[in-house]
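Listed below, chain by chain, are the residues.
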Amino acid sequence: MDYKKFRADTGIAAKDMIKAVKEIAPGYSKVHQSFVENPDKSGLCLLPSLDRMLVDRFGGAAPPVKKKADNRTLKNKLTVRLPDDVYGKFAQIRAREGCTTQELLRDLIENWLIATQDM
């Protein structure tokens, strides 16, 4: 959130914003306020929960939710929960094969799909 713009849009003084943030983060001070108002220089910003609290208390536009792009080459993910004995056997095979869980599971799934002629 651009805190200078937020304060200008809502008409609140820096001391009022500091006082509000101090209720949740008692160590917050004028120095911290300066840092969060100049993120290009300091690299600091408030936690999203504090941003929401400020918007709830003083109004203004809620900060946009930033979502990181998924830059992975393999975007699909599977999750499985196994009983201890099954996982132990799987871990032994993985160690014996000398590969990662990702590699072993991918190979198993690809071989299974080939065997069932769905690939």
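A brief report on the enclosed structure follows. Computed from a predicted model, the values in this text were never measured in an experiment.

1. Remarks on the packing of helix H1 (residues 3-10) against helix H5 (residues 48-58)
Helix packing for two helices is described by the angle between their axes and how far apart those axes are.
Next, step 1: Between H1 and H5, the least distance of the axes is 11 Å, while the angle of their chain directions is 10°. Considering the angle they form, H1 stands roughly parallel to H5. Residues Tyr3, Phe6 and Thr10 of H1 form the contact with H5, whose own contacting residues are Asp51, Leu54, Val55 and Phe58.
Next, step 2: The residue inventory of the contact of H1 with H5, partitioned by class, reads 5 nonpolar, 1 polar and 1 charged.

2. Notes on the environment of Gly59
Next, step 1: By the element assignment, Gly59 lies in the loop between H5 and helix H6 (84-97).
Next, step 2: A residue is classified by how much of its surface remains accessible, and Gly59, at 25% relative accessible area, is partly exposed.
Next, step 3: Measuring from C-alpha to C-alpha, the distance between Gly59 and Thr10 comes to 6.7 Å, with 49 residues separating the pair along the chain.
Next, step 4: Once you skip the residues sitting within four places of it in the chain, Gly59 turns out to touch Phe6, Thr10 and Leu54.

3. Brief notes about H6
An α-helix turns once per 3.6 residues; consequently, residues spaced three or four apart project the same way.
Next, step 1: Given a rise of 1.5 Å per residue, 14 residues ought to cover 20 Å, and the 20 Å separating the end C-alpha atoms of H6 matches this to within 8%.
Next, step 2: A positive backbone phi angle near 70° is found at Gly98, which sits one or two residues after H6.

4. Describing the pattern of salt bridges
Oppositely charged side chains can form a pair if their charged atoms are brought close together.
Next, step 1: For the structure shown, the criterion picks out 3 salt bridges.
Next, step 2: Residue Glu37 is joined to Arg7 by a salt bridge in which the shortest nitrogen-to-oxygen separation is 2.6 Å. Of this pair, Glu37 sits in helix H3 (residues 30-37) while Arg7 sits in helix H1, and the two are 30 residues apart along the sequence.
Next, step 3: Here Glu37 falls in the buried class, since its relative accessible area comes to 13%.
Next, step 4: For Glu23, the salt bridge identified is with Arg57, shortest N-O distance 2.8 Å. Of this pair, Glu23 sits in helix H2 (residues 14-24) while Arg57 sits in helix H5, and the two are 34 residues apart along the sequence.

5. Considerations on the side chain of Gln33
Next, step 1: As for its placement among the helices and strands, Gln33 is situated in helix H3.
Next, step 2: Overall, Gln33 belongs to the buried group, its relative accessible area being 3%.
Next, step 3: One polar contact links Gln33 to Tyr28, side chain to side chain, over a distance of 2.5 Å.
Next, step 4: Discounting residues that sit within four places of it in the chain, Gln33 has contacts with Arg7, Met17, Ile18 and Tyr28.

Reading the values: rules and limits
Residues numbered from 1 in each chain as written. Predicted model: local features only at pLDDT ≥ 70, side-chain atom pairs only at ≥ 80, totals over all residues. Heavy atoms only, no water. Axes fitted to C-alpha atoms, helices over the stretch in contact; angles between N-to-C directions. Helix = DSSP H or I, 4+ residues; strand = E, 2+ residues; numbered from the N terminus. Parallel < 35°, antiparallel > 145°, perpendicular 65-115°, else oblique. Contact = heavy atoms within 4.5 Å. Nonpolar A, V, L, I, M, F, W, Y, C, P; charged D, E, K, R; others polar. Buried < 20%, exposed > 50% of the residue type's maximum accessible area, 1.4 Å probe, protein only. Expected span 1.5 Å × (residues − 1). Salt bridge = Lys/Arg side-chain N within 4 Å of Asp/Glu carboxyl O. Polar contact = N/O pair within 3.5 Å; in protein donor to acceptor, adjacent residues only side chain to side chain.

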